[in-house]
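Structural features, examined
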Amino acid sequence: MHDLVIFDCDGVLVDSEVISNQVLVDNLAHHGLHLALRECMSMFVGGTMVGVRDKARAMGAVLPEDWIDQIYAETYDRLRAGVPLVPGIADLLAGLDQKGIPCCVASNGSPDKMKITLGQNGLWDRFKDVMFSAHVLGTGKPDPKMFRLAAEHFGATAPVVIEDSHSGVTAAIRAGMRCLAYAPHGGGEKLADLGAEVITDMSQAHGVLGL
């Protein structure tokens, strides 16, 4: 039995990836880099905004020095308009509560962003004290440090990670942790190749976690 579930935030708890990446597509187009939404998500989901900036510049985007602040402001404004929970997450959290299995969040996103997305869905209060952010720790996925710190915090010996990105799965595998890769829209083969067990619906996590 697992003694801790570590959730990624964007795309796993809240269905925010499409919204955030559409903002990115629109913004980069103004700076000379034209990408399709699927292309943008394939390249940037799970990364840090510093990484996005550097890759976009390498691809020809002419970005101002304060671009990261600009894109965060645009993204936060769009997210405030409404972000739904990932389907099935509420039931999964309830199942974990019934079994007494603790859970936490480990994300490359900022606490400010998570306060917006989780706050409007009633999850901020649940996770605010067990939230591990690359912005706070100074290191993000695919570095496994965030996951290891989360396990240490709970004294967990058999944690499981639920992720949706290449960098997140890589971090979990590097940390020596079992990883479920949530891939509802395809692309699970690449995550499976990294060592994750792919699920396409959150309801499938119940059986895997013994709920």
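Up top you'll find the structure we're talking about.
Moving on to the nonpolar core. Of all hydrophobic cores here, the largest spans 71 residues; its most connected members are Phe7 and Phe127. Counting residues per element, this core draws most heavily on helix α4 (residues 67-80), which supplies six residues. Apart from residues lying up to four places away in sequence, phenylalanine 127 is in contact with Phe7, Leu13, Leu93, Cys103, Cys104 and Val105.

A word on the environment of valine 136. Turning to its location among the elements, valine 136 is positioned in helix α8 (residues 134-137). Distance from valine 136 to tryptophan 67, taken between C-alpha atoms, is 20 Å for residues 69 residues apart in sequence.

Looking now at the pattern of salt bridges. Scanning all chains against the criterion turns up 10 salt bridges. One salt bridge connects lysine 141 with aspartate 8, and the closest N-O pair in it is separated by 3.0 Å. Placement of the pair is lysine 141 in the loop between α8 and α9 (145-154) and aspartate 8 in the loop between β1 (4-7) and α1 (17-30), with a sequence separation of 133 residues. Accessibility assignment for this pair places lysine 141 and aspartate 8 in one class, buried. Between aspartate 77 and arginine 80 there is a salt bridge, with its nearest N and O atoms 3.0 Å apart. A residue pair is termed a helical-turn pair when its members lie 3 or 4 positions apart in one helix, as aspartate 77 and arginine 80 do in helix α4 at three residues.

Consecutive side chains of a regular strand alternate in pointing toward one face of the sheet and then the other. Here β1 shows no split at all, with Leu4 and Ile6 on one side and Val5 and Phe7 on the other all buried. Direction of pairing for β1 relative to strand β4 (residues 159-163): parallel, over a ladder of four bridges. Within β4, the residue paired with valine 5 across the bridge is valine 160. Across three bridges, β1 lies against strand β2 (residues 103-107) in parallel orientation.

So, how was this worked out
Residues numbered from 1 in each chain as written. Predicted model: local features only at pLDDT ≥ 70, side-chain atom pairs only at ≥ 80, totals over all residues. Heavy atoms only, no water. Core = buried A, V, L, I, M, F, W, Y, C linked by side-chain atoms within 4.5 Å. Buried < 20%, exposed > 50% of the residue type's maximum accessible area, 1.4 Å probe, protein only. Helix = DSSP H or I, 4+ residues; strand = E, 2+ residues; numbered from the N terminus. Contact = heavy atoms within 4.5 Å. Salt bridge = Lys/Arg side-chain N within 4 Å of Asp/Glu carboxyl O. Pairing = 2+ DSSP bridges.

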